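Per-entry structural report
Each chain, letter by letter, is given below.
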2 protein chains.
Amino acid sequence: MALRDTHVTMAHGGGGRAMRDLIEEVFTSVFQPPGSEDQARLMDAALQQPGARLAFTTDSFVVTPLEFPGGDIGKLAVCGTVNDLAVGGARPLWLSAAFIIEEGCEIALLRRIVGSMAAEAALAGVRIVTGDTKVVDRGKGDGVFITTAGVGVIPQGREIGARHIRPGDAVIVNGVLGDHGATILAARGDLALSVDLVSDCAGLGHLMQAALAAAPGLRAARDCTRGGLASALNEMAAEAGVAVELDETLLPLRPEVAGLCELLGLDPLYLANEGRLVLFCPADQAEMALAAMRALPEGRGACIIGEAKPGPAGRVTLRTAFGGARLVDMLIGEQLPRIC
Amino acid sequence: MALRDTHVTMAHGGGGRAMRDLIEEVFTSVFQPPGSEDQARLMDAALQQPGARLAFTTDSFVVTPLEFPGGDIGKLAVCGTVNDLAVGGARPLWLSAAFIIEEGCEIALLRRIVGSMAAEAALAGVRIVTGDTKVVDRGKGDGVFITTAGVGVIPQGREIGARHIRPGDAVIVNGVLGDHGATILAARGDLALSVDLVSDCAGLGHLMQAALAAAPGLRAARDCTRGGLASALNEMAAEAGVAVELDETLLPLRPEVAGLCELLGLDPLYLANEGRLVLFCPADQAEMALAAMRALPEGRGACIIGEAKPGPAGRVTLRTAFGGARLVDMLIGEQLPRIC
């Protein structure tokens with residue numbers, strides 16, 4: 001144990017021995033990247049198949065608090081990027097992880113975060129193969145920010161994306177909405193609320209593979225993170241040139257989340273999720289998709305919530321329990337800052 | 001022009017329309033990523049050649065000030081990741097770019113940074129294909145932090161890395177040392193120094209390709225960023241199990257940088273560079289490598305600075321102008337914080 005410090009100092013970012021010790025003891029000893037070069041050198045047979053494409057995506061994570069019921073920033077950083085790859089039809093292969101650490105950050109906290117990243121990567125079947133650490137002065141960061149990038153492979157012939165959506169398609173989600181957003185809100189402690197909520201944060205790679213196998217006509221999927229289900233559907237409807245009609249009576253909501261939203265004047269359709277996706281598939285394949293999804297823990301609550309309509313293009317509406325209809329627009333500003 | 005704001009607000013990170021406007025007007029209109037999905041979907045014929053490998057790397061950038069003579073954080077973020085790919089023998093193909101923006105950051109500043117990223121990417125022959133933006137509250141960030149990840153391709157049969165270094169190899173750098181570190185130091189204005197320095201920040205992909213073509217036996221290369229030439233050589237010597245002997249009379253130093261170091265008690269061997277690499281190649285190919293490097297602007301100052309020796313393994317020494325020798329150890333703590 002060369003690392004005797006309990007908190008990160010500016011020296012841990014300076015490029016010398018202190019940085020090397022921090023990286024070796026806290027990061028690479030856990031992630032075990034291949035090789036000792038700064039770059040990972042990799043190949044996967046699936047990437048060399050004719051017609052295969054590489055999928056590449058990135059996300060930064062700035063969630064506060066860093067640890068919350070059901071996860072932490074590390075789990076989020078792995079799941080978020082795995083999910084961005086998965087909803088495009090890619091099999092996630094490799095992740096990078098870059099850490100911007102505030103001077104004074106507890107090293108024990110970093111170890112917990114790194115541990116949960118490694119555990120989540122193992123669950124998702126991906127490897128964290130390369131990384132970086134930087135240290136910023138106290139008051140110029142906030143504990144730790146993590147940026148992951150991910151590489152995956154899309155096999156030949158798999159073409160999913162919003163432009164493939166057709167009127168009549170079923171709209172499916174994999175479980176109750178808004179748990180992540182509501183959990184973070186409660187965890188911040190500003191509200192003196194005690195609600196028994198846990199973030200939905202989960203990797204959705206296996207779920208997407210199962211849905212694709214069961215419903216080969218699956219048109220498009222998107223994870224419902226910042227901006228929630230409403231923002232994902234608005235983007236997809238606009239790209240597809242269709243309308244989407246949701247049925248309020250079908251929306252899966254936990255009573256605690258619905259209650260919290262009512263209390264605070266929030267709309268659960270805009271609450272962030274970190275383990276929820278919305279997908280479109282031909283109506284005649286919807287039951288097959290649902291059955292396959294429900295066989296996995298992260299899809300247990302899968303259900304149909306609405307339908308694609310011919311138009312007006314880009315419009316998302318909610319048919320209410322009372323038979324009315326309201327517009328579900330794009331979120332204008334912020335609902336909750338630093339939710340992921 | 002939907003974006004009427006002059007400064008970034010928390011709403012620009014919330015996942016709604018304000019975020020979409022910021023992303024479209026400031027980022028994607030300039031980077032023009034392929035497709036409208038969150039993930040880029042890509043393929044390059046070179047990646048599908050038998051024996052090809054994918055190179056993958058990431059770095060976060062937290063330099064202060066954000067703009068400095070010779071570059072800005074955006075140029076740095078592109079060059080840094082391009083160079084990490086290049087020194088491993090990869091041809092850089094695609095970059096991701098993730099921005100953590102502090103509330104209140106000037107949008108005009110973001111536009112300048114994005115513009116310099118696009119220009120640098122074009123020079124390097126890479127595309128910025130995917131990205132992300134997050135906003136953190138005032139006082140929880142510092143203007144903007146950028147994390148880039150890069151994917152490149154290493155052709156079949158190209159095996160470079162520190163473990164290939166052999167005693168007798170020539171040690172080559174591509175120009176004067178320490179300009180970036182000294183420039184940042186002077187630009188911070190703490191020193192009331194007026195020195196006429198410019199960062200060496202540059203993409204080294206073309207230079208590496210030229211060196212590899214001219215000296216096919218090239219063993220290993222590394223960019224001399226944080227921790228400078230000394231740290232890069234210490235790492236390489238340890239991995240290779242060789243010693244490295246530098247000749248002080250051969251070290252290329254700008255008089256202004258040498259003077260600044262003398263004044264401040266800094267050692268130029270530890271100053272950060274952002275457009276400098278050190279490479280090892282068989283002595284009988286050194287002249288070919290030098291000629292090829294000198295033909296490019298970023299290699300104009302290429303020269304031999306020392307030699308690999310049989311041992312002791314991992315030891316780097318400097319033979320001084322007076323005939324003595326001193327140990328060039330790994331940097332212990334920090335020399336300059338937030339240099340990149």
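Residues numbered from 1 in each chain as written. Chains lettered and ligands numbered in written order. Predicted model: local features only at pLDDT ≥ 70, side-chain atom pairs only at ≥ 80, totals over all residues. Heavy atoms only, no water.

Labelled according to an unreviewed UniProt entry, chain A appears under the name Hydrogenase expression/formation protein HypE, originating from Frigidibacter mobilis. For the record of chain A, the UniProt heading Sequence similarities (unreviewed entry) holds the text "Belongs to the HypE family." (UniProt positions renumbered as here; feature names shortened; annotations may be inferred.)

Turning our attention to the overall build of chain A. Looking only at helices and strands, chain A has eight helices and 14 strands in total. Taken over C-alpha atoms, the radius of gyration comes to 21 Å for chain A, in line with the 20 Å a tight globule of 340 residues would show. With the principal axes as the frame, chain A shows a C-alpha extent of 65 × 55 × 30 Å. Taken across its 340 residues, chain A has 61% of its residues classed as buried. Taking contacts inside chain A between residues at least 6 apart in sequence as the whole, the part at least 24 apart equals 85%. Of the roughly 11,900 Å² of accessible surface on chain A, 53% is carried by carbon and sulfur atoms. (Helix = DSSP H or I, 4+ residues; strand = E, 2+ residues; numbered from the N terminus. Rg over C-alpha atoms; globule rule 2.2 N^0.38 Å. Buried < 20%, exposed > 50% of the residue type's maximum accessible area, 1.4 Å probe, protein only. Contact = heavy atoms within 4.5 Å. Areas by Shrake-Rupley, 256 points an atom, 1.4 Å probe, with all protein chains shown as cover.)

What follows concerns the packing of aromatic side chains. For the structure on display, the rule yields four aromatic pairs over all chains. Ring geometry for Phe-56 of chain A versus Phe-56 of chain B: centroids 6.4 Å apart, planes at 80°, classification edge-to-face. Residue Phe-56 of chain A is found in strand E2 (residues 53-61), and its partner Phe-56 of chain B is found in strand E2 (residues 53-61); the two belong to separate chains. Like Phe-56 of chain A, the residue Phe-56 of chain B is buried in the burial classification. Ring plane angle 45° and centroid distance 6.4 Å describe the contact between Phe-145 of chain A and Phe-145 of chain B, whose orientation is recorded as tilted. Taken together, the residues Phe-145 of chain A in strand E7 (residues 144-154) and Phe-145 of chain B in strand E7 (residues 144-154) connect one chain to another. Residue Phe-145 of chain B is classed as buried on the basis of its relative accessible area, which comes to 2%. Stacked on the ring of Phe-61 of chain B, the Lys or Arg Lys-134 of chain A has its end atom at 5.5 Å from the ring centre. (Phe/Tyr/Trp six-rings, centres within 6.5 Å; stacked < 30°, edge-to-face > 60°. Lys NZ or Arg CZ within 6 Å of the ring centre and 35° of its normal.)

Moving on, we get to the relation of the copies chain A and chain B. In summary, the two copies of the chain are related to each other by a rotation about an axis coupled with a shift along it. Between chain A and chain B, the superposition needs a rotation of 180° and an axial shift of 0.0 Å, giving an RMSD of 0.0 Å. Taken together, the rotation and translation describe the operation of a two-fold axis. Of the interface residues in chain A, 100% have counterparts in chain B that sit at the interface too, so the contact is made through matching surfaces. (Least-squares fit on C-alpha atoms with pLDDT ≥ 70 in both.)

The pairing of strands in a sheet happens through backbone hydrogen bonds and is either parallel or antiparallel. Sheet architecture is open: five strands sit in the order E1(A)-E2(B)-E7(B)-E5(B)-E6(B), paired in mixed fashion. Each end of this open sheet is capped by a strand with a single partner; those strands are strand E1 (40-42) of chain A together with strand E6 (127-136) of chain B. Neighbour to neighbour, the strand axes of the sheet diverge by 15° on average, direction disregarded. Alignment of strand E5 (residues 91-102) of chain B against E6 of chain B, held across nine bridges, turns out to be parallel. What sits directly across from Ile-101 of chain B, in E6 of chain B, is Val-135 of chain B. (Pairing = 2+ DSSP bridges. Axes fitted to C-alpha atoms, helices over the stretch in contact; angles between N-to-C directions.)

All names here are of chain B. A full pass over the atoms with the stated rule returns 38 salt bridges over all chains. Here Asp-44 and Arg-91 are joined by a salt bridge, their closest N and O atoms 3.4 Å apart. Taken together, the residues Asp-44 in the loop between strand E1 (40-42) and E2 and Arg-91 in strand E5 connect sequence positions 47 residues apart. Arg-91 gets classed as partly exposed once you look at its relative accessible area, which sits at 36%. Linking Asp-169 and Arg-219 is a salt bridge whose minimum nitrogen-to-oxygen distance equals 2.9 Å. In this pair, Asp-169 sits in the loop between E7 and strand E8 (170-173) while Arg-219 sits in the loop between helix H5 (205-214) and strand E9 (220-223), placing the two residues 50 residues apart along the sequence. (Salt bridge = Lys/Arg side-chain N within 4 Å of Asp/Glu carboxyl O.)

With that settled, the discussion passes to helix H1 (residues 17-31) of chain A. Residues and elements named next belong to chain A. For H1, with 15 residues, the first-to-last C-alpha span of 20 Å sits near the 21 Å given by 1.5 Å per residue. A maximum bend of about 40° is found in H1 at Glu-24. Within H1 the residues assigned to the buried category are Ala-18, Met-19, Asp-21, Leu-22, Glu-25, Val-26, Phe-27 and Phe-31. In this structure, the buried side of H1 is in contact with strand E5 (91-102), helix H3 (107-124) and strand E6 (127-136). Positive backbone phi, approximately 45°, marks Gln-32, located one or two places after H1. (Expected span 1.5 Å × (residues − 1). Bend = angle between axes of the 7 residues up to and from the residue.)

Our next topic: the pairing of strand E11 (residues 277-281) of chain B. Residues and elements named next belong to chain B. Among the five residues of E11, five are classified as buried, and the element is accordingly described as predominantly covered. Burial of E11 is two-sided: the residues Leu-277, Leu-279 and Cys-281 facing one way and the residues Val-278 and Phe-280 facing the other way are all buried. Here E9 runs beside E11; their pairing, made up of four bridges, is antiparallel. Its bridge partner lying in E11, Ala-220 is registered against Phe-280.

Residue and element names in this part refer to chain A. Sheet architecture is open: seven strands sit in the order E9-E11-E8-E12-E10-E13-E14, paired in mixed fashion. Of all the strands in the sheet, just strand E9 (220-223) and strand E14 (325-327) have a single pairing partner and so form its edges. The average undirected angle you get between the axes of adjacent strands in this sheet is 25°. Pairing between strand E10 (residues 243-247) and strand E13 (residues 316-319): four bridges, direction parallel. Looking across to E13, one finds that Leu-246 is bridged to Leu-318. Here helix H6 (residues 228-240) sits on the sheet in contact with strand E8 (170-173), E9, E10, strand E11 (277-281), strand E12 (303-309) and E13, set at roughly 150° to E9.

Below, the discussion takes up the UniProt feature "domain: PurM-like N-terminal" (unreviewed entry) in chain A. In this numbering, the UniProt entry assigns the feature "domain: PurM-like N-terminal" (unreviewed entry) to residues 44-154 of chain A. In the segment residues 44-154 of chain A, helix accounts for 29% and strand for 41%; the C-alpha atoms at its two ends are 12 Å apart.

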